[in-house]
Structures are given as C-alpha cells and as structure tokens.
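Structure assessment
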Amino acid sequence: QVQLVESGGGLVQAGGSLRLSCVASGRFFSIDAMAWYRQAPGKQRELAARISSTGSLNYADSVKGRFTISRDNAKNTVYLQMNSLKVEDAAVYYCNADLRSRTPWLPENYWGQGTQVTVSA
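Numbers given for residues are sequential positions, taken from 1 along each chain in its written order. In view of the model being predicted, local features appear only for residues whose pLDDT reaches at least 70, and side-chain atom pairs are presented and counted only at 80 or more, with totals across whole chains, interfaces and linings using the full set of residues. Values shown for side chains rest on all heavy atoms present in the structure; no hydrogens or waters enter the calculation.

In this section: the environment of Ile 31. Tracing the backbone shows Ile 31 in strand S4 (residues 30–39). Expressed as a C-alpha distance, the spacing of Ile 31 and Asn 83, which sit 52 residues apart in the sequence, is 26 Å. Note on definitions: a residue-residue contact is assigned when non-hydrogen atoms from the two residues lie within 4.5 Å. If near-sequence neighbours (up to four positions away) are discounted, Ile 31 is found in contact with Ala 24, Ser 53, Arg 71, Asn 76, Ala 97, Asp 98 and Leu 99. Working definition: helices are DSSP H or I runs of at least four residues, strands are E runs of at least two. Numbering for both runs from the N terminus.

As structure tokens, then:
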C-alpha cells in the first residue's frame, strides 16, 4: 500500500505563511507528477499547484506569486510554501501524486488525507 501523508497545516493570520509537506511512503518504484489541491467548504476541489517529474511548474492564477511548490525526490516529498495568505486560501489541502508501484508499472493516482489550513482575518 502507498500512502501520501500531509503535514504543516494549521491556523495562521492573513498575511502570514505556512509550509505544507507531503511524504510518499510504502513500496513504489517511482513518482511522476506531484500536486497540491485544495477544497474550501461548499466549493469544488481545485488544483493549486503542480510539479512534474522534470520540475515543470503550474499554479492556479489565484495563488501564483504567493505559493511555491517544490519537491525533494530523495525524500519522496513535495512541499507547498504559502506566503501572503488570504482568508480565501482557507481550505483542506490535499496532496496528490502519480506513482508507479506495481506491474506493469503504469502510473496510478493517489490522494493524501488532507490537511486543514485556516486563515483568520
């Protein structure tokens, strides 16, 4: 079984910063793309940031310039540095990854359990 475990969520004041981490654990061969999604109450889950296996970056317009996604392949970890947080950034943030863990070694998509980010005005 493969698990994605997020950490780093919490309560922060508007204008503050948080860094989220997501570690892939278990038995797998490799990780392809990794991403952070978020879902606010009453809203659809949306892609916040994505990083490919080669380091290509994608950000939602709403977070561009404030959030930075990065990865440490040696640690099987993806990070989301969130700066200048706004009240509208409050959501459950979910780690997502494509990884290869079993024959025929095709990529499969996995989700973490999510970590709560609360931003107070």
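Back to the text.
Before going further, it helps to spend a moment on the pairing of strand S7 (residues 67–72). The two faces of S7 differ: Phe 67, Ile 69 and Arg 71 on one face are buried, but Thr 68, Ser 70 and Asp 72 on the other face are not. As judged from the six bridges shared by S7 and strand S8 (residues 77–82), these two strands associate in the antiparallel manner. Across the sheet, the residue bridging to Arg 71 is Val 78, located in S8. Burial status follows relative accessibility: with a 1.4 Å probe on protein chains alone, a residue under 20% of its type maximum counts as buried, one over 50% as exposed, and anything between as partly exposed. Paired strands, in this sense, are two strands between which DSSP finds at least two bridges.

By secondary structure assignment, the location of Ala 97 is in strand S9 (residues 91–100). Note on Ala 97: relative accessible area 0%, which makes it buried. It is 26 Å that separates the C-alpha atoms of Ala 97 and Val 12, two residues lying 85 residues apart in sequence. Aside from chain neighbours lying at most four places away, what touches Ala 97 is Leu 4, Ile 31, Ala 33, Met 34, Glu 108, Asn 109 and Tyr 110.

Position of Ser 21 among the secondary structure elements: in strand S3 (residues 18–26). Once residues lying within four places of it in the same chain are set aside, the contact partners of Ser 21 are Val 5, Glu 6, Ser 7, Trp 36, Val 78 and Tyr 79.

In sheet architecture, strand pairing relies on hydrogen bonds along the backbone and comes in two forms, parallel and antiparallel. Within the open sheet, the four strands sit side by side as S1-S3-S8-S7. Their pairing is antiparallel. A strand with exactly one partner marks an edge of an open sheet, and here the two such strands are strand S1 (2–7) and S7. The mean inter-strand angle of the sheet, taken between neighbouring strand axes irrespective of direction, is 15 degrees. Note on definitions: angles span 0 to 180 degrees between N-to-C directions of axes, and those axes are lines fitted to C-alpha atoms, for helices only across the stretch in contact.

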